[in-house]
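Chains, contacts and geometry: an overview
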Amino acid sequence: MLIKTSHDGFCHPVSSEITSQRVYAGRRDLIKLMASGVAGAALTSWASREAEALTPRPGKLAALPGARSSLAGAVTMEKLTEYKDASTYNNFYEFGTDKADPAVNAHTLKTSPWTVEIEGLVKKPARYALEDLLKLSAQEERIYRLRCVEGWSMVIPWVGYSLSELIKRVEPLGNAKYVEFVTQADPKTMPFVGSRVLDWPYVEGLRMDEAMHPLTLLSFGMYGEVLPNQNGAPVRLVVPWKYGFKSGKSLVKIRFTDKQPGTAWNKAAANEYGFFSNVNPTVDHPRWSQATERRIGEDGLFAKKRKTLMFNGYEAQVGQLYAGMDLKKLF
Ligand SMILES: Nc1nc2c(c(=O)[nH]1)N[C@H]1C(S)=C(S)[C@@H](COP(=O)(O)O)O[C@H]1N2
Ligand SMILES: [Mo]
C-alpha cells in the first residue's frame, strides 16, 4: 500500500511506510542469517544498524531507495550518523560559511528543472535533464565515510550510482585526462555567491582514473530520500577517499579536459589544498594535523578522537591509483 500526500506537490510514501518496508526487509535478512547459522556475533551489529536505519527522518522529501551496494568497500558497517546531524552540519559556502547556515538558507535553491551538461573531450556531449540522469543506471545505497579536511567525519547512506556509468555513456576521447565538475552558482538563489570567500562557481576535478573508479559516486539521495538542498541537491559527487571538499554539490556541468582543472580551494590556497587531497593522516595541513578526526554525533565530553585512516579507510580499493606517486608532494 502506498500512502500518498499532496501537500508538497508530489506523491511519495510517508516515512512511516518507508520504515515498515525497511523493518520487513530487515526481518527477512535476519531469518536468512539465522538459517545460515552466522547470526551470533553479527546479530548485535545487525540490530544496532537496523535501529540506526530507523532513525526518524523528516519524511518531507521524496523517497529514493536503492538496493544495498555489493561493490567491494562500498558499505561500511560503522554506526550511521544521525540524519539530523548530516543535514544540519554542512559545508556549502554558497549558502554561508557557518556549518549551520546551509540548513537555514538552502531552501531557496531551485532544484527543478535541473540539467547537467556534459562537454569537452567526449564523443557524445549531452545535456541531461535530471529525470533522465536519475534513470541512467540503477540506484544503489552506499554507506560511505566522508571526512572533511577540517577534521570531522560522518557515515552517510548515500543513494546513487557510479559516475563511471555516465562516463562510459558519453565516450571520452583518448586525450581526455581529467574531469572537471562545475557546480551551480546562482546569485539569485545562493546568497553567498558574490561574496569573495571563493571564486565562483565552485569547481572541482578528478583525474580520469579517479573519476572512473567504481567508488566515485554520483549521488541523488541519502537515507532513502532525495538529497536535502543543503547536502547538494539534486545531484552531487561523493568521493569517499578524498577530503570532503572534492565532492562538489549541486552539479550543473561535467567537462572532460586534457589539463588539470583549476579547483575552488586550490585557487584559494594552493599550499593548503592540493588537487589530489586524498585523506592522508601522515600529511598534515599546514595549519593543523590530519592524524585524527572527530565523528559528528560522538562529540560528548568523553568522546575519543578517532585515528584517521589512509585514504579514509579505502586503501585496499584505491591505493593502486597512486602507486609510485609522492603523496607528500602531490597532496
Ligand atoms: N558546491 C559546493 N560543494 C561543496 C562545498 C561547497 O562549499 N560548495 N563544500 C564541500 C565540503 S568542504 C564538504 S566537507 C562537503 C560536505 O558535504 P555534506 O554537507 O553533505 O556533509 O561538501 C563539499 N562540496
Ligand atoms: Mo570540507
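This one's a predicted model, so the numbers in the text were calculated from it and none came from an experiment.

Turning next to the confidence of the model for the protein. A residue-level look at the protein finds 82% of positions with pLDDT of 70 or above and a mean pLDDT of 88. pLDDT under 50 marks residues 1-44. Its contacts with residues more than four places away, or in other chains, come to 45 contacts.

Near ligand 1 you find 18 residues, and of these Asn-90, Tyr-93, Glu-94, Arg-236 and Lys-249 are the closest. Interatomic distance of 3.5 Å between a side-chain N/O atom of Thr-183 and a nitrogen atom of ligand 1. Measuring from an oxygen atom of ligand 1, one finds a side-chain N or O atom of Lys-249 at 2.6 Å. Here ligand 1 has 530 Å² of accessible area as a free molecule, and 98% of this is covered by the chains. Looking at the shell around ligand 1 residue by residue, the classes come out as eight nonpolar, seven polar and three charged.

It is worth spelling out the sheet that holds strand S2 (residues 115-120) at this point. The strand order S3-S2-S11-S6-S7 describes an open sheet built from five strands, whose pairing is mixed. Edge positions in the open sheet fall to strand S3 (126-129) and strand S7 (203-207), since each of these has one partner strand only. Across this sheet, the average inter-strand angle for adjacent strands is 15°, counted without regard to direction. Here four bridges tie S2 to strand S11 (residues 251-257), and the two strands are oriented parallel to one another. Bridge pairing in S11 places Glu-119 opposite Arg-255. Relative to the sheet, helix H6 (residues 163-170) contacts S2, S3, strand S6 (178-183) and S11, its axis offset from that of S11 by approximately 60°.

One pass over the structure, following the stated rule, counts 23 salt bridges. Salt-bridge contacts for Arg-295 lead to Glu-78; the nearest nitrogen and oxygen are separated by 3.0 Å. One end of the pair, Arg-295, is in strand S12 (residues 292-295); the other, Glu-78, is in the loop between strand S1 (67-68) and helix H3 (83-86), with 217 residues separating them in the sequence. Each member of the pair, Arg-295 together with Glu-78, is buried.

Take the nonpolar core next. Ranked by size, the top nonpolar core spans 78 residues in total, and within it Leu-166, Leu-218 and Phe-256 carry the most contacts. For this core, the leading source of residues is strand S5 (residues 152-162), giving six residues. Filtering out sequence-adjacent residues up to four positions away, Leu-166 remains in contact with Ile-118, Tyr-128, Leu-133, Leu-136, Leu-218 and Ile-254.

As a further point, take the environment of Glu-150. Of note, Glu-150 is situated in the loop between strand S4 (140-147) and S5. Note: C-alpha distance between Glu-150 and Tyr-243 (93 residues apart in sequence) is 8.8 Å. Non-local contacts of Glu-150, meaning those with residues more than four positions away in its chain, are made with Asn-91, Lys-99 and Trp-288. A polar contact is formed between the side chain of Glu-150 and the side chain of Asn-91, at a distance of 2.6 Å.

Each value, and the rule that gives it
Residues numbered from 1 in each chain as written. Chains lettered and ligands numbered in written order. Predicted model: local features only at pLDDT ≥ 70, side-chain atom pairs only at ≥ 80, totals over all residues. Heavy atoms only, no water. pLDDT = per-residue confidence, 0-100. Contact = heavy atoms within 4.5 Å. Near = heavy atom within 4 Å. Polar contact = N/O pair within 3.5 Å; in protein donor to acceptor, adjacent residues only side chain to side chain. Areas by Shrake-Rupley, 256 points an atom, 1.4 Å probe, with all protein chains shown as cover. Nonpolar A, V, L, I, M, F, W, Y, C, P; charged D, E, K, R; others polar. Pairing = 2+ DSSP bridges. Helix = DSSP H or I, 4+ residues; strand = E, 2+ residues; numbered from the N terminus. Axes fitted to C-alpha atoms, helices over the stretch in contact; angles between N-to-C directions. Salt bridge = Lys/Arg side-chain N within 4 Å of Asp/Glu carboxyl O. Buried < 20%, exposed > 50% of the residue type's maximum accessible area, 1.4 Å probe, protein only. Core = buried A, V, L, I, M, F, W, Y, C linked by side-chain atoms within 4.5 Å.

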